[in-house]
Amino acid sequence: MANPGLRHTDLSDLYIVKLALEGDQKAFHTLYSRYNAGVKRHVGKYIHEECEIEDVISESFQKAFSQLASYDSTYKFSTWIYRIARNTAFDHIEKNGKKMPTTTLDPFETGFSDIPSDAQNPEKAVIDQEDEEKILACIELLKDDYRQIAKMNLIDNYGYAEMSKELGIPLNTIKTKVRRAKQQIQKMMESEEL
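Residues numbered from 1 in each chain as written. Predicted model: local features only at pLDDT ≥ 70, side-chain atom pairs only at ≥ 80, totals over all residues. Heavy atoms only, no water.

(A) View of the confidence of the model for the protein. Considering every residue of the protein, the mean pLDDT works out to 79; 77% of them sit at 70 or more. Here helix H5 (residues 122-141) is the element of the protein with the lowest mean pLDDT, 67, and helix H3 (residues 50-66) is the one with the highest, 92. Scored below 50 in pLDDT, residues 102-127 shows 41 contacts in the model against residues more than four places distant or in partner chains. (pLDDT = per-residue confidence, 0-100. Helix = DSSP H or I, 4+ residues; strand = E, 2+ residues; numbered from the N terminus. Contact = heavy atoms within 4.5 Å.)

Written out as structure tokens, the structure reads:
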């Protein structure tokens, strides 16, 4: 049981997930409150109608909460919920007969890449997985301050303002460090050393 003096908002994601799995309704609310804005930004990359965004957000959290027992705690909760939201957005786009987002030339523009369902092309899924693993390996090779910034921006989908607030670093410094981290990762990706 959590320390009675602690509020749910003071607890780690992992502990909140544990409480939610035990049936604590406040834990579900805390996870929703913590990630709603980030999920909205993430879904907004693929869908532009406000009412559709809200539908996809709602469906994403429903899926996540119904599958909470399958959450792998070796990954950040944010990575897991954003992946569910992305897949839900793609399902929504496909179901409504709209054009699917295409792969960007810059794999760092929106995280890794805007690839529809991995299930549609097994060969592409393997290549994409290898690219993602290579990007993660490159991030691990960065110096500490760049590594942290790259993980927050590219893996956890933090916005510049969120990173600035959380790290206590000026916004322009965050932007510069993200740009430099991406440049370093790009150089590593282009070299065949990994």
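(B) The pattern of salt bridges, seen in detail. Scanning all chains against the criterion turns up ten salt bridges. Ionic pairing is found between lysine 151 and glutamate 140, a salt bridge with its closest N-O pair at 2.9 Å. With a gap of eleven residues between them, lysine 151 in helix H6 (residues 144-155) and glutamate 140 in helix H5 connect regions that are remote in the sequence. Between aspartate 145 and lysine 177 there is a salt bridge, with the nearest N and O atoms lying 2.9 Å from each other. (Salt bridge = Lys/Arg side-chain N within 4 Å of Asp/Glu carboxyl O.)

(C) Seen up close, H6. Taking 1.5 Å per residue, twelve residues should reach 16 Å; H6 reaches 15 Å between its end C-alpha atoms and fits that length. Along H6, the residues that are buried comprise Tyr146, Ile149, Ala150, Met152, Asn153, Leu154 and Ile155. Just downstream of H6 lies asparagine 157, where phi reads positive at about 60 degrees. (Expected span 1.5 Å × (residues − 1). Buried < 20%, exposed > 50% of the residue type's maximum accessible area, 1.4 Å probe, protein only.)

(D) Expanded view of the nonpolar core. Grouped together as the largest cluster of nonpolar side chains are 29 residues, with contacts concentrated most on Val39, Val43, Ile47, Phe77 and Ile81. At the level of secondary structure, the elements contributing two or more residues to this core comprise helix H1 (13-21), helix H2 (25-44), H3 and helix H4 (77-95). Looking at this core, the element that brings in the most residues is H4, giving nine residues. Setting aside its immediate chain neighbours within four residues, isoleucine 81 contacts Tyr35, Val39, Ser60, Phe61 and Ala64. Membership of the second largest hydrophobic core comes to twelve residues, among which are Ile135, Ile139, Ala181 and Met189. (Core = buried A, V, L, I, M, F, W, Y, C linked by side-chain atoms within 4.5 Å.)

(E) Main features of the environment of isoleucine 16. If you trace the backbone, isoleucine 16 turns up in helix H1. On a C-alpha basis, the gap between isoleucine 16 and lysine 26 in space is 8.9 Å, while along the polypeptide they are ten residues apart.

(F) Fine view of the packing of H6 against helix H8 (residues 171-190). Look at H6 against H8: their axes get within 9 Å of each other, and the N-to-C directions meet at 95 degrees. Judged by the inter-axis angle, H6 sits roughly perpendicular to H8. Contacts between H6 and H8 pair Asp145, Tyr146, Ile149, Ala150, Asn153 and Leu154 from the former with Ile174, Lys177, Val178, Arg180, Ala181, Lys182, Gln184 and Ile185 from the latter. Of the residues belonging to the contact of H6 with H8, the class tally is eight nonpolar, two polar and four charged. (Axes fitted to C-alpha atoms, helices over the stretch in contact; angles between N-to-C directions. Parallel < 35°, antiparallel > 145°, perpendicular 65-115°, else oblique. Nonpolar A, V, L, I, M, F, W, Y, C, P; charged D, E, K, R; others polar.)

(G) The packing of aromatic side chains, seen in detail. The full count for this structure, using the stated rule, is eight aromatic pairs. Ring centres of phenylalanine 61 and phenylalanine 65 lie 5.7 Å apart, and the angle between their planes is 50 degrees; this geometry places the pair in the tilted category. Pair noted here: phenylalanine 61 and phenylalanine 65 are both in helix H3, with a separation of four residues, about one helical turn. We classify phenylalanine 65 as partly exposed; its relative accessible area is 21%. Taken together, a centroid distance of 5.6 Å and an interplanar angle of 50 degrees make the contact between phenylalanine 77 and tryptophan 80 tilted. Taken together, the residues span about one helical turn, with phenylalanine 77 and tryptophan 80 both in helix H4 at a distance of three residues. (Phe/Tyr/Trp six-rings, centres within 6.5 Å; stacked < 30°, edge-to-face > 60°.)

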